[in-house]
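Now for the letters of each chain:
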Amino acid sequence: MSAPTTYARRLGLFDATMAVIGGIIGAGIFLNPAIVAQRLTTTPWILAAWVAGGGVAVLGALCFAELGARRPAAGGGYVYLRDAFGPLAAFLYGWTLLLVIGSGAIAAVAVTFARYATDLLHLGAGAVDPLAIGAIVLLTAVNYVGVRAGATTQNVFTALKLIALALLIVVSLLAVLHGAGCPPARAVPRPGARGIGLLGAFGAALIPILFSYGGWQQTNFIAEEIREPRRNLPRALLLGVAAVVAVYVLANVAYLTMLGPPQLADSLAPASETMRVILGPPGGTLIAAGIVASTFGFLNLVILVSPRVYQAMADDGLFFGWAARLHPRFRTPAGALLFQAAWSIVLLLNGTYRQLLDYVVFGDWIFFGLVVATLFLYHRRDAGDDVAFRTPGDPFVPGLFVAVALYVVLSSIWSNPRNAAIGAALIAAGVPVFAFWRRRRPPVLPSAAISTE
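Quick summary incoming for the structure in this document. Remember, predicted model here, so these are calculated numbers, not experimental data.

Some words on helix 13 (residues 307-315)
Most of helix 13 is tucked away: 8 of the 9 residues are buried. Residues P307, R308, V309, Y310, Q311, A312, M313 and A314 constitute the buried set of helix 13. Looking at the buried residues of helix 13, the elements they touch are helix 5 (77-85), helix 6 (87-121), helix 8 (147-177), helix 12 (281-305) and helix 14 (334-350). Positive backbone phi, approximately 80°, marks G317, located one or two places after helix 13.

Examining the packing of helix 6 against helix 14
Across the interface, helix 6 lies against helix 14 with an axial gap of 8 Å and an inter-helix angle of 65°. Judged by the inter-axis angle, helix 6 sits roughly perpendicular to helix 14. Between helix 6 and helix 14 the crossing geometry is right-handed. Here L98, L99, S103, G104, I106, A107, A110 and V111 of helix 6 lie close against helix 14, whose contacting residues are F339, Q340, W343, S344, L347 and L348. Looking at the contact of helix 6 with helix 14 residue by residue, the class counts come to 10 nonpolar, 4 polar and no charged.

A short note on the nonpolar core
Residues Y78, Y213, W216 and W365 are the most contacted members of the largest nonpolar core, which totals 142 residues. Broken down by element, the residue count for this core peaks at 20 residues, all from helix 6. Non-local contacts of Y213, meaning those with residues more than four positions away in its chain, are made with I24, W50, G53, G54, A57, V244, V245, Y248 and V249.

A closer look at the side chain of Q218
Here Q218 shows up in the loop between helix 9 (196-213) and helix 10 (229-266). There is a polar contact of 3.5 Å between the side chain of Q218 and the backbone oxygen of G23. Setting aside its immediate chain neighbours within four residues, Q218 contacts G23, F298, L301, V302 and V305.

Some remarks on the pattern of salt bridges
On inspection of all chains with the given rule, the structure shows 7 salt bridges. The partner of R148 in a salt bridge is D15, with the nearest N and O atoms 2.8 Å apart. Of this pair, R148 sits in helix 8 while D15 sits in helix 1 (residues 13-24), and the two are 133 residues apart along the sequence. By relative accessible area, R148 is classed as partly exposed at 31%. Using a relative accessible area of 10% as the deciding quantity, one classes D15 as buried. Residues E225 and R308 are paired through a salt bridge, measuring 2.7 Å at the closest nitrogen-oxygen approach. With a gap of 83 residues between them, E225 in the loop between helix 9 and helix 10 and R308 in helix 13 connect regions that are remote in the sequence.

Cut-offs and rules
Residues numbered from 1 in each chain as written. Predicted model: local features only at pLDDT ≥ 70, side-chain atom pairs only at ≥ 80, totals over all residues. Heavy atoms only, no water. Buried < 20%, exposed > 50% of the residue type's maximum accessible area, 1.4 Å probe, protein only. Helix = DSSP H or I, 4+ residues; strand = E, 2+ residues; numbered from the N terminus. Contact = heavy atoms within 4.5 Å. Axes fitted to C-alpha atoms, helices over the stretch in contact; angles between N-to-C directions. Parallel < 35°, antiparallel > 145°, perpendicular 65-115°, else oblique. Left-handed = near helix turned anticlockwise from the far one by under 90°. Nonpolar A, V, L, I, M, F, W, Y, C, P; charged D, E, K, R; others polar. Core = buried A, V, L, I, M, F, W, Y, C linked by side-chain atoms within 4.5 Å. Polar contact = N/O pair within 3.5 Å; in protein donor to acceptor, adjacent residues only side chain to side chain. Salt bridge = Lys/Arg side-chain N within 4 Å of Asp/Glu carboxyl O.

In structure tokens:
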């Protein structure tokens, strides 16, 4: 009898780092700064909020670095939750990812990519959906034929999005050195924007910032395909997150310098407006091309990593059996990739992904907090283990991250309790589905011994 097909370790430190960066930078940094400027009206507070959000991202990267070093297995958070809290918690994470968060993000980002691409190429609005579906199909095919092909695509488009942001930052700096830029504006604080009011505004501004910084955890999904993951995964997380924090803060310096807080707050496309101020219409075209590259790269990353979670679920008997099998030649979760593409296209065509994402976006942070909370159990249960990377400042660092995750969830519930209630119901709908799979085929948990080389 032939040995079962396993994942191939074909990704190095550079690939993993680019995956971290590509998993964070999507369209958020090009659009969300306007929302932040609406909630915090002065440059120092706006920049302080982006720095604070970067600090939270670093805390998360430190925690996920230890988790990846402890359990370098395909599926990332699914595996950690299963080991710490049992199969139901892990299944609800995978269920939410498949039902909405992962597939809905694929649909949403594909449409965003297609809209910018059609504008750039002067195509009609009727081309948006076909182009979005074409992007999903193309990138699914690329990732079907091997993780190396998917990673190379990721490296190219992550480099392009970094070049676009570097161009934005550098030309803004040069413009300032030549006396251009917006003169310092005397922003008038909104009523109550002091004391408790300022604290509330700062917290409200952190919500879009933290979502812009999210995504570093996705690289843990492909841990079994990284060479020397116990060393390279923590390094990739820390290098990638640090690079993104630097780029995000500098990009906001560029926006604020060239537009000023009031104009930034009123902007629908801050990056494009900033480049138009400096270079005229060609500047807007350049940054539009950068957004196309950025969204396409982010789309590739989600398509690449998420099926590893569904494959792990299927391997535990909690999803269709064919999704557990890896392609014998390409060593990729072929069935899970195809199912993900089909479901994402269904969401895209019926337009439900917009509402579904609004409903369960807070669920992402529920699972963020739960996954990091697994560290407390690992530390108590496996205290004597020799781990290549340990979270510094334990238990303060994971505790602080869990507290921030709880704050984001409560803020989301407070701002839109109806959406949160519907989202909670969608997540809870996974419980009877879990019961169905448990009755259909009792899960066989994989061995705790995992090869890391």
